[in-house]
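Here is what each chain is made of, one letter per residue.
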Amino acid sequence: MTRPGQKNRLLSAVCDLLWLLLKPWLRTPVLPRVFWYRSRCKIWETERDPSQADIDKDQSQDPATRIWPERSNCDFLGSPRPRFVVVKTKWPPPEVKRVRLVVLRPTIHAILAEQILLRSPSIDAIPVEPFPVPAIVGRKRSLPRGAVPGKTGDKSVSRGEPLAVCGEPSLIPSELWTRLWEILSSPPRVEELIARKYPDRLRAYQVEGVQRLIEKERFILADEMGVGKTVQVCVALSLLIRLARIKTALIICPKTVLSVWHEHLKAWLREAETHPYSHVHQLRLAQREGRPQVWVVPYSRLAKRGAALTWGSNWDVVVLDEVHEIRNPDTNKHREIKVVIAHARYRWGLSGTPLQNRIEELTAIFSVIKPELKLQADGKPLHQVREIIRPYLRRVRRKDAVPDLPPKQRQEFWLEMDEAQARAYHAVRNGARTGLGGGRPVTFTHIWQVLTELKKICNFAPDSSDSPKLRKLLEIIEKVVARGEKVVVFSQFRAVGVTALTHHLNPFGAAVIHGERTDEERHQAVRRFQHDPDCKIFLCTVQTGGHGLTLTAANHVVHFDHWWNPAVSWQAEDRVCRIGQTRPVTVYDLWMKDTVEERIRKLLEVKGLLHYEVIECLSDSEFKKLFTLDDLLSLLEDGPLAG
Amino acid sequence: MFAFFHVVIEPKPLKFLAGILVVDDSGDPREFRCTSPVQPSAVQQILWGQRLQRYVSTELLLLPLVQSLELPADLVLVQREDLLAARDQINQPLLMVSHEESNDSEAAAQHRTAIPIPSVEGPERSVFLQSARGYEEDLAIGHEVIHRFVQACYPLEPFQRIEQALKMLKPRLEGAGRTQ
């Protein structure tokens, strides 16, 4: 509200001075400044935004509008809520102002001119409509004659005796009451609840997993990839919500699997509000709601110092997907998660990599998941540690869990470089050899760079968009697509892999993901590939698409190139060869003859690193530590590898 | 026997729907009653302001439902603190049950007691009972009878049942009721 015009500023100043003097004697020390209008306008307030028609018509006819006569003391204006105030003046035309009516001191001018303190308010009566009386319906449960309440041993549902119903006796039909008593009955045991809620949808080992998650409260599911750890967690959350044991759950996972959680929560957990792409401000809003809440956040959000302050520690359940992410106790991530999880009753860890082989990391992981165990694994024999953690960790192998999984066949194609590739390859290799022979110290970093450069040339020669690998890939794809089937193509490189291939594969309706795509785009790409019959190709880097996703719409996998650690490629294949796959899966490996690709593969063979059990638990950096400088230098030479 | 009273509030349009479930010591349902939805008009919402929720929940829903029960409930349990105001008008002890301790002042602690819940693993958990001011003796009664109940059932679970039942019945109950 503004003061009217240029009216007598000097008088205002004098009045303000008088105000200070008179203040102690005034009965109502604060009043709204809106009084300036009172002598020549009409004021009313309304909850809704008034239209021009509302302003023009007689407001007294509108029961939702409070009419305030010109000469009231307008005490409503002390309301802290924002209101629409309509000021109807003779001139200028009526104005609508949306104001937060802060109570201000009046000016003496208003007090003197209107003598407002001497007036009592005149208030219009508003008819108060009564609330309708709600109808009450109900039933009483009938017990067998002579039975002691609660000791019948019969949990079956009694139909109950109907009670008097106000109004309409047929409001709830008898058959509905039968169902209603089922809902109202005390919840059955977990296994009964699973059998009732998910008949034939869970395998025996999954039911056991759900039971152990619920009963143990602090537990690590270390089942192999692709046997349904995510489903077990969703079902366990659903049951806990049904049993009213939890209200809030936080799932922390790698960024690439946010969409997987989103899909699973949507399919398996309808009792709760789920927030898969969540931000802190949404958390604050949602905390006010009454429904159970499940939040999914990537580890990166909790990797910053102080993140725990933001995400709080009032969670009933905290799930750590890929729990080995917290294996280093000296990281911020470990410390922050420890705070977030501090008051959680249920703490679950998921990991496809077996923890039994990595003794020193178990201490860090169990200090978060089950601190009361006080596990000190360092220096203890493996079998002793296994016995300690056995009640709190379970591992199911895929071959045991899903014996009926379709077979996986492998086809290797050994190709020869074209002229441009051979020229570029030899130039880089010879340059590197010369550089290494120049007397300067040789470092791992330098050799890794050279090897990476050579591997890129095996895909495409510099400035070329054609290569033997591409031609073979297109040949495979054409055959597969002609049969109406789908293919997943993995590459370790974005520029000379995914980006270079996108143009060639787009005609087949390729869904593409790589590191620069947002979570939502990745989620959309996976959905499109799984559900759109016209989308035949899923093209991704092995880093972004190689874990966590479910791509069972395909039954063919092509490795356009290969990561150092073959376990990474095998895990990537498991996106296709997993529960839900009904057809035999074919994996195609494209290799270049007489190149670093062939030599790396032979080196892995010589060192015994092509066995899944040996390398499945190794991270990339740990895997690289298995090679000596001489091993790497031998890759740049000609001739057979030294055994 | 215990009566669990639960109100479901739908925000848009604002509606209140309530149910009361009487269970025996083993958690089996013995009697259930629910109301048709109460939908305050815009004017009622303005005039009642912040008192609306409490007024509708207690005067229009809790009291009629408790009075309509045929089976005698030893205790009435609710989940909201403002519902405790109805204690003056009912004969049974009325307690609020929650799974977290309220952060009120120490003065309020005398209206509250903790009930340990048996747990398979991990630290022991508790639920908390709170009585209306001036009815601290309700706590002693509640503490005794709830102790029997927690052996069979988690004390907040029956509210979940009521909510599910109300969700199922809501379409049937819309429009029922009468004007005064």
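Note on numbering: residues in each chain are counted from 1, in written sequence order. A letter from A marks each chain and a number from 1 marks each ligand, given out in the order of writing. Local features in this predicted model are restricted to residues whose pLDDT is 70 or higher, and side-chain atom pairs enter the listing and the counts only when it is 80 or higher, whereas totals over whole chains, interfaces and linings include all residues. Processing note: side-chain calculations cover all non-hydrogen atoms of the structure and skip hydrogens and water entirely.

Looking at the side chain of K536 of chain A
Residues and elements named next belong to chain A. Note the following rule: Helix numbering and strand numbering both begin at the N terminus, where a helix is a DSSP run of H or I of at least 4 residues and a strand a DSSP run of E of at least 2. Relative accessibility decides the category of a residue: with a 1.4 Å probe and only protein chains considered, values under 20% of the type maximum give buried, values over 50% give exposed, and everything between is partly exposed. Within this scheme the basic residues Lys and Arg register as positive and the acidic residues Asp and Glu register as negative, but His and the chain ends are omitted. Note on definitions: salt bridges are taken to be side-chain nitrogens of Lys or Arg within 4 Å of carboxyl oxygens of Asp or Glu. Any pair of nitrogen or oxygen atoms within 3.5 Å is treated as a polar contact; in protein, a donor-acceptor pairing is required on top of that, and neighbouring residues in sequence qualify only through side-chain atoms on both sides. Residues are treated as being in contact if the distance between any of their heavy atoms lies within 4.5 Å.
Topologically, K536 is positioned in the loop between helix 19 (519-531) and strand 17 (537-541). Among buried Asp, Glu, Lys and Arg side chains, K536 stands out as unpaired, with D534 the closest opposite charge at 6.2 Å. Among the polar contacts listed, one links the side chain of K536 to the backbone oxygen of P533, at a separation of 3.3 Å. Look past the residues within four positions of K536 in its chain and what remains in contact with it is V481, G484, E485, K486, V487, F508, G509 and F529.

Side note on unusual backbone geometry
All names here are of chain A. The phi dihedral of E322 is positive, around 50°, even though this residue is not glycine. Within the element layout of this structure, E322 appears in the loop between strand 11 (317-321) and helix 11 (332-340). Here D463, not a glycine, exhibits a phi torsion of approximately 60°, which is positive. Here D463 shows up in the loop between helix 16 (444-459) and helix 17 (468-482). Note on D463: relative accessible area 88%, which makes it exposed.

With respect to the pairing of strand 17 of chain A
Residue and element names in this part refer to chain A. The criterion, for reference: For two strands to be treated as a pair, DSSP must find no fewer than two bridges joining them. Seen with its strands pointing away from the viewer, a crossover is right-handed if its path from the first strand over the helix to the second goes clockwise.
In terms of burial, strand 17 is largely enclosed, as 5 of its 5 residues are buried. Both faces of strand 17 are covered, namely the face carrying I537, L539 and T541 and the face carrying F538 and C540. As judged from the 4 bridges shared by strand 16 (residues 510-513) and strand 17, these two strands associate in the parallel manner. If you follow A510 over to strand 17, its bridge partner there is I537. Traced from strand 16 through helix 19 to strand 17, the parallel crossover comes out right-handed.

A look at the pattern of salt bridges
Residues and elements named next belong to chain A. One pass over the structure, following the stated rule, counts 30 salt bridges over all chains. For D574, the salt bridge identified is with K408, shortest N-O distance 3.7 Å. With D574 in the loop between helix 21 (566-573) and strand 19 (585-592) and K408 in strand 14 (residues 408-415), this residue pair connects regions lying 166 residues apart in the sequence. One network of salt bridges, in which partners are shared, links K408, R410, E573, D574 and D589.

A word on the packing of aromatic side chains
The test is simple: A pair of Phe, Tyr and Trp rings is counted when the ring centres sit within 6.5 Å of each other, with Trp represented by its six-membered ring. The angle between the planes then sorts it: under 30 degrees is stacked, over 60 is edge-to-face, the rest tilted. We call a charge positioned over a ring when the NZ of a Lys or the CZ of an Arg lies within 6 Å of the ring centre and within 35 degrees of the ring normal.
On inspection of all chains with the given rule, the structure shows 7 aromatic pairs over all chains. Considering the side-chain rings of F131 of chain A and Y55 of chain B, the 5.5 Å spacing of their centres and the 40° angle between planes classify their relative orientation as tilted. With F131 of chain A in the loop between helix 3 (108-114) and strand 5 (136-140) and Y55 of chain B in helix 2 (residues 52-68), the pair connects residues from two separate chains. Classification of Y55 of chain B by relative accessible area gives partly exposed; the value is 25%. When the centroid spacing of 5.3 Å and the interplanar angle of 85° are considered together, the rings of F4 of chain B and F159 of chain B count as edge-to-face. A residue pair is termed long-range when its members are at least 10 positions apart, and F4 of chain B in strand 1 (residues 2-10) and F159 of chain B in helix 4 (residues 157-173) qualify at 155 residues. Classification of F159 of chain B as buried rests on a relative accessible area of 2%. Over the ring of F560 of chain A we find K469 of chain A, and its NZ or CZ is 5.5 Å from the ring centre. Between the NZ or CZ atom of K486 of chain A and the centre of the ring of F529 of chain A, over which it lies, the distance is 5.1 Å.

Thoughts on the confidence of the model for chain A
All names here are of chain A. How we decide: pLDDT expresses, on a scale from 0 to 100, how confident the predictor is about each individual residue.
Taken over all residues, the pLDDT of chain A has a mean of 73, while the share at 70 or more is 66%. Low pLDDT, under 50, characterises residues 27-43; the stretch is placed with 63 contacts to residues that sit more than four places away or in other chains. Note that residues 148-158 has pLDDT below 50 and, in this model, 20 contacts with residues that lie over four places away or in other chains.

Focus: the sheet that holds strand 14 of chain A
Residue and element names in this part refer to chain A. For clarity, the threshold we go by: Orientation is described by axes fitted as lines to C-alpha atoms, over the contacting stretch for helices, and by angles from 0 to 180 degrees between their N-to-C directions.
Taken in spatial order, the 6 strands line up as 14-19-18-15-17-16 in an open sheet, and their pairing is parallel. The open sheet has two edge strands, strand 14 and strand 16, and neither has a second partner. Averaged over all neighbouring strand pairs, the angle between strand axes comes to 15°, with direction disregarded. Pairing between strand 14 and strand 19: 8 bridges, direction parallel. Residue pairing in the sheet places W414 in a bridge with W591 of strand 19.

Things to note about the sheet that holds strand 9 (residues 273-275) of chain A
Residues and elements named next belong to chain A. The 7 strands are arranged 9-10-8-11-12-7-13 in an open sheet whose pairing can be described as parallel. On the outer flanks of this sheet lie strand 9 and strand 13 (393-394), each paired with one strand and no other. Bridge analysis of strand 8 (residues 248-253) against strand 11 gives 4 bridges, and the strand direction is parallel. Paired with L250 across the strands is V318, a residue of strand 11. In the packing of helix 6 (residues 204-216) onto the sheet, contacts are made with strand 7 (218-221), strand 12 (346-350) and strand 13, and the angle to strand 7 comes to roughly 150°. Helix-sheet contacts for helix 8 (residues 258-268) involve strand 8, strand 9, strand 10 (293-298), strand 11 and strand 12, and the interaxial angle to strand 10 is about 165°.

A closer look at the environment of E521 of chain A
Counting through the fold element by element, E521 of chain A comes out in helix 19. Note: C-alpha distance between E521 of chain A and S259 of chain A (262 residues apart in sequence) is 9.5 Å.

Looking at the nonpolar core
Note that soluble globular proteins tend to have their nonpolar side chains buried in a common cluster. Residue and element names in this part refer to chain A. What counts, and what does not: To qualify as a nonpolar core, a set must consist of buried Ala, Val, Leu, Ile, Met, Phe, Trp, Tyr and Cys residues joined through side-chain atoms within 4.5 Å.
Ranked by size, the top nonpolar core spans 66 residues in total, and within it L237, L239, W261, W348, F529 and F538 carry the most contacts. Here the element with the most residues in this core is helix 7 (residues 229-242); it accounts for 9 residues. Contacts of L237, omitting those with residues within four sequence positions, involve I246, A249, I251, L269, V294, V317 and W348. Core analysis: the second largest hydrophobic core is formed by 43 residues, I447, L539, L590 and L636 among them.

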